[in-house]
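Chain by chain, the residues run as shown.
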Amino acid sequence: MTASPATRTPGLRRFRTERPPQPERCELCSVPVEAGHRHLVDTEKRALVCACTPCALLMEQPGAAAGRFRTVPARYLTDPPYRLDESAWDALQIPVGVAFLFRNAALDRLVALYPSPAGATESELDPDTWTDVLGGSRLAELLEPDVEALLLRRTDGHGECHLVPIDICYELVGRMRLLWQGFDGGAEARAALDAFFADVARRVRPVDAAEHRLNEGARP
């Protein structure tokens, strides 16, 4: 005979009740963090970790945590005079229209990755080729190891290159992996990709303008 609601055990009721989602927490001090929180790069584990604002600011200080954790900056830069032409893309041999590169401090070289149905896939191209192609952009000189990336995209024969926080690149990888369908990703993945780059376009600032603001802020 089926038990009435009054005779069901409290344990069963707890089992049947959906638990609310647990809030994300800072992985250094365990306090809850809000949406849009900062990230750190754990250089030992080669992983991103969530951080509250005080911990992110602390890890920006030289020597903090013996350099293990590095705060991901929030800057978005572009170099308008620099162009990735068809010959550059052919040299890079990227099998898809999007890739990002970061300088791995431990390996002391550029690492190139691109989104795929399996996640972030590393390019097997000689790192010297990436340096040859991107060496003409000031963005490559400004790139902070481990925490920033050069984000590349090719659309209709046009190439673009931006300096961005590395965490948004892995956010893009996760989104593409979730939405990818078929050989070319499918319409939903392409729409998400367009929206992602539209947001990047709203955020980027030309290198010259960013340097001017920095110099203005440094004046007494």
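That block above? That's the structure.
1. Structural notes on the environment of His162
Consideration 1: Tracing the backbone shows His162 in strand β9 (residues 158–165).
Consideration 2: Sequence-wise, His162 and Ala149 are 13 residues apart; in three dimensions their C-alpha atoms are separated by 8.1 Å.
Consideration 3: Non-local contacts of His162, meaning those with residues more than four positions away in its chain, are made with Leu77, Thr78, Leu139, Ala149, Leu150, Leu151, Val200 and Val204.
Consideration 4: Among the polar contacts listed, one links the side chain of His162 to the side chain of Glu160, at a separation of 2.8 Å.

2. So, the packing of aromatic side chains
Consideration 1: Summed over the entire model, instances satisfying the criterion amount to two aromatic pairs.
Consideration 2: Residues Phe196 and Phe197 carry aromatic rings whose centres are separated by 5.5 Å and whose planes lie at 80° to one another, so their mutual orientation is edge-to-face.
Consideration 3: Since its relative accessible area comes to 6%, Phe196 is described here as buried.

3. A look at the environment of Arg109
Consideration 1: One can find Arg109 in strand β6 (residues 109–116).
Consideration 2: Each C-alpha atom, one on Arg109 and one on Thr131, is 9.3 Å from the other, the two residues being 22 residues apart in sequence.
Consideration 3: When near neighbours in sequence (up to four residues on either side) are disregarded, Arg109 contacts Phe102, Arg103, Asn104, Glu122 and Pro127.

4. Topic: the layout of surface pockets
Consideration 1: Reported here for the largest pocket is a volume of approximately 450 Å³.
Consideration 2: As for the largest pocket, its lining consists of 19 residues, of which Tyr76, Asp167, Ile168, Glu171 and Arg203 are closest to the centre.
Consideration 3: Of all the elements in the fold, those that place two or more residues in the lining of the largest pocket are β1 (38–42), α6 (166–179) and α7 (186–203).
Consideration 4: A breakdown of the residues in the lining of the largest pocket according to their chemical character gives nine nonpolar, three polar and seven charged.
Consideration 5: What the second largest pocket holds in volume is close to 310 Å³.
Consideration 6: What lines the second largest pocket is a set of 16 residues, among which Val96, Gly97, Trp180, Asp184 and Leu193 lie closest to the centre.
Consideration 7: Of all the secondary structure elements, the ones that give two or more residues to the lining of the second largest pocket are β8 (148–155) and α7.
Consideration 8: For the lining of the second largest pocket, a count of residues per class yields nine nonpolar, three polar and four charged.

5. A few points about the nonpolar core
Consideration 1: Formed by 27 residues in total, the largest nonpolar core has its most connected members in Leu151 and Val200.
Consideration 2: Secondary-structure elements contributing two or more residues to this core are β5 (98–104), β6, β8, α6 and α7.
Consideration 3: If one sorts the elements of this core by residue count, α6 sits on top with seven residues.
Consideration 4: In contact with Val200, other than residues within four places in its own chain, are Tyr76, Leu151, His162, Val164 and Ile168.
Consideration 5: Core analysis: the next-biggest nonpolar cluster, separate from the first, contains 23 residues, Ile94, Leu101, Ala112 and Leu152 among them.

6. Points about unusual backbone geometry
Consideration 1: Positive phi, close to 75°, is recorded for Ser30, a residue that is not glycine.
Consideration 2: Residue position: Ser30 is located in the loop between α1 (10–16) and β1.
Consideration 3: Its relative accessible area of 45% is what places Ser30 among the partly exposed residues.
Consideration 4: Positioned with a positive phi, Asp146 is a non-glycine residue whose angle comes to about 70°.
Consideration 5: With respect to the helices and strands, the residue Asp146 is situated in the loop between α5 (138–142) and β8.
Consideration 6: Asp146 sits in the buried class, given a relative accessible area of 4%.

Each value, and the rule that gives it
- Residues numbered from 1 in each chain as written.
- Predicted model: local features only at pLDDT ≥ 70, side-chain atom pairs only at ≥ 80, totals over all residues.
- Heavy atoms only, no water.
- Helix = DSSP H or I, 4+ residues; strand = E, 2+ residues; numbered from the N terminus.
- Contact = heavy atoms within 4.5 Å.
- Polar contact = N/O pair within 3.5 Å; in protein donor to acceptor, adjacent residues only side chain to side chain.
- Phe/Tyr/Trp six-rings, centres within 6.5 Å; stacked < 30°, edge-to-face > 60°.
- Buried < 20%, exposed > 50% of the residue type's maximum accessible area, 1.4 Å probe, protein only.
- 1 Å grid on protein atoms, 1.4 Å probe; cavity = no way out; pocket = protein on both sides within 12 Å on 5 of 7 lines; lining within 4 Å.
- Points joined across faces, edges and corners; volume = space filled by probe spheres on them.
- Nonpolar A, V, L, I, M, F, W, Y, C, P; charged D, E, K, R; others polar.
- Core = buried A, V, L, I, M, F, W, Y, C linked by side-chain atoms within 4.5 Å.

Nothing here speaks to function; it is geometry throughout.
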